[in-house]
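# Commentary on secondary and tertiary structure
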Amino acid sequence: MASGTGSLLESLLARSDQQHSPFEVTAIVVDRDCRAADIARDRAIPLLDCRVSEFADRAAWDTALAERVAGFDPEWVVTAGFMKILGPAFLSRFGGRIVNSHPALLPSFPGPHGVADALAHGVKVTGTTVHLVDDGVDTGPILAQEPVAVTPDDTEDTLHERIKAVERVLLADVVTALVTKGVVIDGRKADIP
Ligand code: GAR
């Protein structure tokens, strides 16, 4: 599921293209016009375009999204730059099987502006977090994290680009590990055995 340039999606697709990959991307879900949708069309991967504006309200969108994604029968759902909060209908259907990549070291700097917020706060180290999605905003159990140093001349764009370089590898690594080994949850702790 993606809303943006889809570089995390491309990383997952590159990994799934490798010989003996344990996973495949069965569908790409977008909520707007974006490059991620072009990637789906270029590669002839089933594309679901499901926009909030086409529904009476968020709840109706969430219910339809859950229904339509279920039609692809995914084992895991990956939000890779999907800039919408998933609602109760979606979570009740796929809870525990949704993975998100966030461009900051959670629990610091959750939300849609993780890179800008970390920069504004003056941190010297930020990074990326891959986590399971729960009903909060970027609050679910953490699967993996990698740090990225902030440099004095960083802008949001330069820092985000360095974070994304790390994210692309980490997300593909985590998805590979999840589909082969699963995950053990103990309260807030998530371990891939
Ligand atoms: C990534 O940095 C991802 O963590 C972030 O959007 C970017 C997507 O990049 N997601 C969020 O901020 C969600 N809160 P991409 O479009 O190049 O894959």
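Above this text sits the structure in question.
Summarised in this report is the structure supplied together with it. The structure displayed is predicted, hence computed values, not measured ones.

Here is what the cut-offs are and how they apply
- Residues numbered from 1 in each chain as written.
- Predicted model: local features only at pLDDT ≥ 70, side-chain atom pairs only at ≥ 80, totals over all residues.
- Heavy atoms only, no water.
- Phe/Tyr/Trp six-rings, centres within 6.5 Å; stacked < 30°, edge-to-face > 60°.
- Helix = DSSP H or I, 4+ residues; strand = E, 2+ residues; numbered from the N terminus.
- Buried < 20%, exposed > 50% of the residue type's maximum accessible area, 1.4 Å probe, protein only.
- Lys NZ or Arg CZ within 6 Å of the ring centre and 35° of its normal.
- Salt bridge = Lys/Arg side-chain N within 4 Å of Asp/Glu carboxyl O.
- 1 Å grid on protein atoms, 1.4 Å probe; cavity = no way out; pocket = protein on both sides within 12 Å on 5 of 7 lines; lining within 4 Å.
- Points joined across faces, edges and corners; volume = space filled by probe spheres on them.
- Nonpolar A, V, L, I, M, F, W, Y, C, P; charged D, E, K, R; others polar.
- Pairing = 2+ DSSP bridges.
- Right-handed = clockwise from strand over helix to strand, strands pointing away.
- Near = heavy atom within 4 Å.
- Polar contact = N/O pair within 3.5 Å; in protein donor to acceptor, adjacent residues only side chain to side chain.
- Areas by Shrake-Rupley, 256 points an atom, 1.4 Å probe, with all protein chains shown as cover.
- Sits in = over half its atoms within 2 Å of the grid points.

Taken as a whole, this structure holds one aromatic pair when the rule is applied. Ring plane angle 40° and centroid distance 4.8 Å describe the contact between F90 and F94, whose orientation is recorded as tilted. With F90 and F94 both in helix 4 (residues 88-94), this residue pair falls four residues apart, about one helical turn. Given the relative accessible area of 2%, F94 is considered buried. Over the face of the ring belonging to W61 we find R58, whose NZ or CZ atom lies 5.8 Å from the ring centre.

Across all of its chains, the model carries 11 salt bridges by this definition. For K84, the salt bridge identified is with D31, shortest N-O distance 3.0 Å. In this pair, K84 is assigned in the loop between strand 3 (77-79) and helix 4 and D31 in the loop between strand 1 (28-30) and helix 2 (35-42), connecting sequence segments 53 residues apart. Across the pair, D31 and K84 agree in class, each one buried. When the shortest N-O distance is used, the salt bridge between R93 and E67 registers 3.2 Å. Note that R93 is positioned in helix 4 and E67 in helix 3 (residues 58-70), a separation of 26 residues in sequence. A residue is classified by how much of its surface remains accessible, and R93, at 39% relative accessible area, is partly exposed. Here the residues in one salt-bridge network are D31, R32 and K84, joined through shared partners.

Its boundaries defined by the atoms lining it, the largest pocket holds a volume of some 710 Å³. Forming the walls of the largest pocket are 37 residues, and the residues nearest its centre are G81, F82, M83, N100 and S101. Of all the secondary structure elements, the ones that give two or more residues to the lining of the largest pocket are helix 1 (7-17), strand 4 (98-102), helix 5 (114-121) and helix 6 (156-181). Tallied by class, residues from the lining of the largest pocket come to 14 nonpolar, 16 polar and seven charged. Taken together, 22 residues make up the lining of the second largest pocket; nearest its centre are E24, V25, T26, W76 and V78. Going through the elements one at a time, helix 1, strand 1, strand 3 and helix 6 are the ones with two or more residues in the lining of the second largest pocket. Class assignment of the residues belonging to the lining of the second largest pocket gives a composition of 18 nonpolar, one polar and three charged.

On to the pairing of strand 5 (residues 125-132). Among the eight residues in strand 5, seven count as buried, and that is most of the element. As paired strands, strand 4 and strand 5 are joined by four bridges and run antiparallel to one another. The residue of strand 5 that forms the bridge with H102 is T129.

What follows deals with the pairing of strand 4. Where burial is concerned, most of strand 4 is hidden: five out of the five residues are buried. Side chains I98, N100 and H102 of strand 4 all project onto a buried face; the interleaved residues V99 and S101 project onto the opposite face, where all are buried too. In terms of strand pairing, strand 3 meets strand 4 through three bridges, oriented parallel. Bridge assignment links V77 to a residue of strand 4, and that residue is I98. The β-α-β motif built from strand 3, the intervening helix 4 and the parallel element strand 4 has right-handed crossover chirality.

Turning our eyes to something else, we now look at the site of the ligand. As a matter of local geometry, the ligand sits amid 14 residues, with T5, S7, H160, K164 and E167 nearest to it. Here an oxygen atom of the ligand and a side-chain polar atom of H160 are 2.7 Å apart. For the ligand, an oxygen atom lies 2.7 Å from a polar atom in the side chain of K164. For the ligand, whose accessible area on its own is 450 Å², the fraction buried by protein is 92%. Spatially, the ligand is embedded in the largest pocket. Contributing elements (two or more residues each) for the shell around the ligand: helix 1, strand 4 and helix 6. For the shell around the ligand, the leading source of residues is helix 6, giving three residues. Taken together, the residues of the shell around the ligand break down into three nonpolar, nine polar and two charged.

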